[in-house]
Structures are given as structure tokens and as C-alpha cells.
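Secondary and tertiary structure notes
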Amino acid sequence: SVLRKISWVCLAAVLFTHALKTLHRNWDWESEYTLFMSALKVNKNNAKLWNNVGHALENEKNFERALQFFIQATQVQPDDIGAHMNVGRTYKNLNKTKEAEESYMIAKSLMPQIIPGKKYAARVAPNHLNVYINLANLIRANESRLEEADQLYRQAISMRPDFKQAYISRGELLLKMNKPLKAKEAYLRALELDRTNADLWYNLAIVYIELKDPTEALKNFNQALELNPTHKLALFNSALLMQESGDARLRPEAKQRLLHYVKEEPQDSNGYFNLGMLAMDDKKDTEAEAWMKKAIRLQPNFRSALFNLALLYSQTGKELMALPVLEDLLRYYPDHTKGLILKGDILMNQKKDIAGAKMCFEKILELDPSNVQGKHNLCVVYFEEKDLIKAEKCLVETLALAPHEEYIQRHLSIVRSKIASIGSMEQSSLPSDGTAATEAKKKSFQNLKEAKSEKTTTQSTADNKDHSKNKKPTEKSNVDKETPKKSAKEIKDIEKKRVAALKRLEEIERILNGE
């Protein structure tokens, strides 16, 4: 009975102590970090344990501490390729590219060296081959080292011809080097290894776009979407390709893909913007306006959305609604030439704000002195200001910029003919017909204003596409209509206003002299 009691006491003690030990051990299993740290307390000479603690900290975005453990792993085992790769990757995450490259170079030096002309077999861990990929990805950020990066990709492929990631990364690099044919070869080789990879079909579609083969590009986009119907980039770019093809039959499918895209990426303003552009192509103005506004709500400084919304308003007879949108556009982008042209056009033709329009056109010429449209519209402003001499000089300068533009030549001829007619009227009717001369000059301004409307209204192009959105004003037929002769009663009235007429003549002379 005594032995039985002693046995029960011992058993209870064993159960109690092991229960306490299990409870304590549970805290070690709280996370990867605590687990591997507890292992390090037992064995500090295991490089894998140091690497595992570093990975745990890396997953928590604690790169500074992770780097310390990765470096310790390289000290415990200097020939550990993976440890040096971990150090390089962490330096890269810390934006220390020089140190990262040095670590990758050490890892690369530990790889089996290729000896030209000598055949041999070597066992290389697949993840160790990533040292070539990581090093190439790092140095290709430098435009002067692209060839060096390509050499690294080819070296990885030579060590393992079925290394799919090397072909993919090399294809991206070759596109960057403007070698689409070689990029195509790289992607086709990767597809031989894995035909179920939607990303590969997508990348090949991008190559065909670079090769100006939209038909093949669309086929590859479709293949990517068959493998992965929610492939966001394939949805978006295939829709753009359909839209830019100009084929109205493809627009419904393009719209469906963009709707699918915005469902996957509801916070991406580009999706809503391109839905708006599709609606503009289909002349669905209300729908286009709604999509553009949604894009702008998500991204208030969306350059293309702001401009195209203003353009939409101007095309649908809502020019005054376009003005606040253009104000927002020019607040974010003061050098937006097309926005300045459109704003100046609306101010001049709708609000009759000649001074405001003049400021817009002068701003354009500050940014681009050779802008023909801005220069010509400034000439029209001078005409509106009744400064014929300055308008003539301006048109001569504009014609020098675009000598083959017929409308500039025609407007210059009109200005010169009106200057000549006003001069002859001054000489023939200086004593008594000053008002008539003024009226004739005023009518000539009206005639030129009508004639120039064919070209001076904004001919803007949507920022994100090549679809022209041009206004189509009509040209009046009374350009060269002569001023009718005055009756005897009118001449008698003019005689009574001689003083006022002489003052007006002084103003005319000042304008003609370019003062």
C-alpha cells in the first residue's frame, strides 16, 4: 500500500510537470517567429533556423531586423546560396541597390560555373537559379545595363532549359529593349513549357501589339481570358484594343469586358473613363457624362477624363458647363494646350470674353511658340479687338509656320482687302462719311469672324485616343459682300454728326497705324 501511494504521487508529479512544460511550449507555437526563436535557443549553429526567423520578420515587413538574421545565417554558413539571396532581397526592399547587387553577386559566385566547350552535369536547386533572375531584375533598372541583364537570363536558361520564369523575365526585358521578335520567341518557348499560364498568353498579346498585329493580340488576350476569366489586365487591354479598332461590332463586347473589369477593380478610375469613351463613340452622351464624372470622383486630377468631359459638353451645346471642368483641368495642368484652346474658343465664341480668350491663346504660345492653332486664334482675337494691322502681322507669322494651310491664306487676304477698303473710304469720305467708314469696318470684322469660323473653332483630340472630336461650324456666304451706298437722308444725318465722326476716324487711324 505504501508503494502504491508513492507510485501515485510520482505519477501525479510527472503529469503536473509535463502539463506545465506543454503549457509553456504552447507559447513557442504562437507564431513562426516565436517557434524558430525557441529553436535558436537550442541550436545557434543552424543557418536554416536563422533564415527562418528572418523570413518570419520579413513577412511582417520588419526588413531591418530580418536583415540581421539573414546576415547571421551567411556567417554561420558562408556557402549558403539561399542566405546570400535573402540578404540581397532584403537590401532591395530597403532600397539599398548597391548592397543588394553585392549580395547577389556573392550568391552567383557560389553557383556551378559554366566552362565554355565543356560538357558536365550539375545538380542545381531550382530556387537557387533565381539568383540570376533577381540580379537581372535589379540591374535592368539601369538603362545602360540591359544587355548585361539579358546575359544573366540566358545564363540561367543555359543551366536549366526548362526554367520557365527565365523565359518570361527575358521576354519582358526584350520588349523593354525594343526587340519584340526576340521577345515573341521567348514567350513561345515558355508556352511550350506551360500552356495553361494565362499571364504568358497575356504577355504574348502585348508583344503582338508592339508588332502592330492587333488581330493576333486579340486572339491571345482571348486565350488568356479562357484560362482565367477574371484576368484584370487581359480584360482591360483587350477592351481597349477592341475600342481602338474602330469596329462598331466589337463595342458591345468591349463594354462587357470593361464592366467586368470595374467589378473586379471598382476603385480604378481608368475603367470608368474608358467606358465613357466607348459611350462617346456610340453617341450616348448622357451615359458618357455619367462615366466620366465617376472617373473624376475617384481621381479628381484625372487629366484625360477632365478634358474629355469638357469636350463632351462643348460638342453637345453645353459649352458653359464645360468651363468649370476646364478650370479644374488647368488648375491641375496649367500647360494643357488642348484645354487652353478649348477654353479660349468657348470664351470667345460663347461668352464673348475676348480678353479671357486672348490670355488663353497667349499662354499657349508661351508654352509652344510654333502652335499654329493657338497662333491663328490669337490673330482672330486681334481682329475682334479691331486691330487690323496687328491681325495682318500675326497672320503673316502664322502662315510662315503653316505655309500650306489654305484657310490662313484666305483670312490674310480678307484682312488685307479690308485694310485697303477702309483706307480708300477714309480718303474718299473723310469730310462727311466717317460713320460710313466705321460701319464698313465694323461689317468687315463681322464678315471675317464668320469666314474664320470654319477653322478657329476647337479641333481637339481626346487625350487617351486618336478619335477626333471636331466641331463642324458652317461658313457664311457673305464674306465679300460690299457695303451699300448711303441715301441722301443718311448723308444729311451724317453731316449733323461730323464731330463724332471725326473722333471715330481718329480711332480708325490709330488702329490702322498699329498704335
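If you're wondering where the values come from, they're calculated on a predicted model, not measured in any experiment.

**Quick word on the state of the cysteines**
Following the criterion strictly, the structure yields one disulfide and no others. Each disulfide pairs two cysteine sulfurs, and for cysteine 379 the partner residue is cysteine 394, the sulfurs being separated by 2.0 Å. Every disulfide takes its handedness from the sign of the S-S torsion; for cysteine 379 and cysteine 394 that torsion is -80°, giving left-handed. With cysteine 379 in helix 21 (residues 372-384) and cysteine 394 in helix 22 (residues 388-401), this residue pair connects regions lying 15 residues apart in the sequence. We classify cysteine 394 as buried; its relative accessible area is 3%.

**Section: the side chain of serine 169**
By the secondary structure assignment, serine 169 is in helix 9 (residues 164-176). Each residue touching serine 169, except ones within four places of it in the same chain, is listed here: Ile133, Asn137, Arg140 and Tyr153.

**Points about the UniProt feature "repeat: TPR" (unreviewed entry) in the protein**
Here, the residues flagged by UniProt with the feature "repeat: TPR" (unreviewed entry) are residues 47-80, 164-197, 198-231 and 269-302. Spanning residues 164-197, this segment combines 79% helix with 0% strand, and its end C-alpha atoms are found 11 Å apart.

**Considerations on the UniProt feature "signal peptide" (unreviewed entry) in the protein**
The UniProt feature table records "signal peptide" (unreviewed entry) at residues 1-19. End-to-end, the C-alpha atoms of residues 1-19 are 27 Å apart, and along that stretch the chain is 95% helix and 0% strand.

**Some remarks on unusual backbone geometry**
Backbone geometry places lysine 61, a non-glycine residue, at a positive phi of 65°. Tracing the sequence through the fold places lysine 61 in the loop between helix 3 (47-59) and helix 4 (63-76). Here lysine 61 falls in the exposed class, since its relative accessible area comes to 63%. A positive phi angle is found at lysine 352, which is not glycine, with a value near 55°. With respect to the helices and strands, the residue lysine 352 is situated in the loop between helix 19 (337-349) and helix 20 (354-367). Judged by relative accessible area, which is 49%, lysine 352 ranks as partly exposed.

**Structural notes on the packing of helix 5 (residues 81-93) against helix 6 (residues 97-109)**
The contact between helix 5 and helix 6 brings their axes to 8 Å, and the two run at 165°. What the angle tells us is that helix 5 and helix 6 run roughly antiparallel. Crossing of helix 5 against helix 6: the hand is left-handed. Within the contact between the two elements, helix 5 uses Ile81, His84, Met85, Val87, Gly88, Arg89, Tyr91 and Lys92 and helix 6 uses Glu99, Ala100, Ser103, Tyr104, Ile106 and Ala107.

**A look at the environment of serine 158**
Take serine 158: it is sitting in helix 8 (residues 146-159). Since its relative accessible area comes to 46%, serine 158 is described here as partly exposed. Only 2.6 Å separates the side chain of serine 158 from the backbone oxygen of glutamine 155, close enough to count as a polar contact.

**Points about the packing of aromatic side chains**
With the rule as written, the count across this model stands at six aromatic pairs. Ring geometry for tyrosine 202 against phenylalanine 221: centres 5.6 Å apart, planes inclined by 45°, an arrangement best described as tilted. With tyrosine 202 in helix 11 (residues 198-210) and phenylalanine 221 in helix 12 (residues 214-227), this residue pair connects regions lying 19 residues apart in the sequence. For the cation-ring pair, arginine 303 lies above tyrosine 333, with the distance from its terminal atom to the ring centre recorded as 5.2 Å. Across the ring face of tyrosine 332, the terminal group of arginine 331 is positioned such that the distance to the ring centre comes to 5.1 Å.

**With respect to the pattern of salt bridges**
Inspection of every chain in the model, using the stated rule, returns 24 salt bridges. In this structure, glutamate 147 and lysine 179 form a salt bridge, with 3.3 Å as the shortest nitrogen-oxygen distance. Separated by 32 residues along the polypeptide, glutamate 147 in helix 8 and lysine 179 in the loop between helix 9 and helix 10 (180-193) bring together distant segments of the chain. Residue classification places glutamate 147 among the partly exposed positions, given a relative accessible area of 46%. A salt bridge links arginine 170 to aspartate 150, with the shortest nitrogen-to-oxygen separation between them at 2.6 Å. Note that arginine 170 is positioned in helix 9 and aspartate 150 in helix 8, a separation of 20 residues in sequence.

Analysis parameters
- Residues numbered from 1 in each chain as written.
- Predicted model: local features only at pLDDT ≥ 70, side-chain atom pairs only at ≥ 80, totals over all residues.
- Heavy atoms only, no water.
- Disulfide = S-S within 2.5 Å.
- Helix = DSSP H or I, 4+ residues; strand = E, 2+ residues; numbered from the N terminus.
- Buried < 20%, exposed > 50% of the residue type's maximum accessible area, 1.4 Å probe, protein only.
- Contact = heavy atoms within 4.5 Å.
- UniProt positions renumbered as here; feature names shortened; annotations may be inferred.
- Axes fitted to C-alpha atoms, helices over the stretch in contact; angles between N-to-C directions.
- Parallel < 35°, antiparallel > 145°, perpendicular 65-115°, else oblique.
- Left-handed = near helix turned anticlockwise from the far one by under 90°.
- Polar contact = N/O pair within 3.5 Å; in protein donor to acceptor, adjacent residues only side chain to side chain.
- Phe/Tyr/Trp six-rings, centres within 6.5 Å; stacked < 30°, edge-to-face > 60°.
- Lys NZ or Arg CZ within 6 Å of the ring centre and 35° of its normal.
- Salt bridge = Lys/Arg side-chain N within 4 Å of Asp/Glu carboxyl O.

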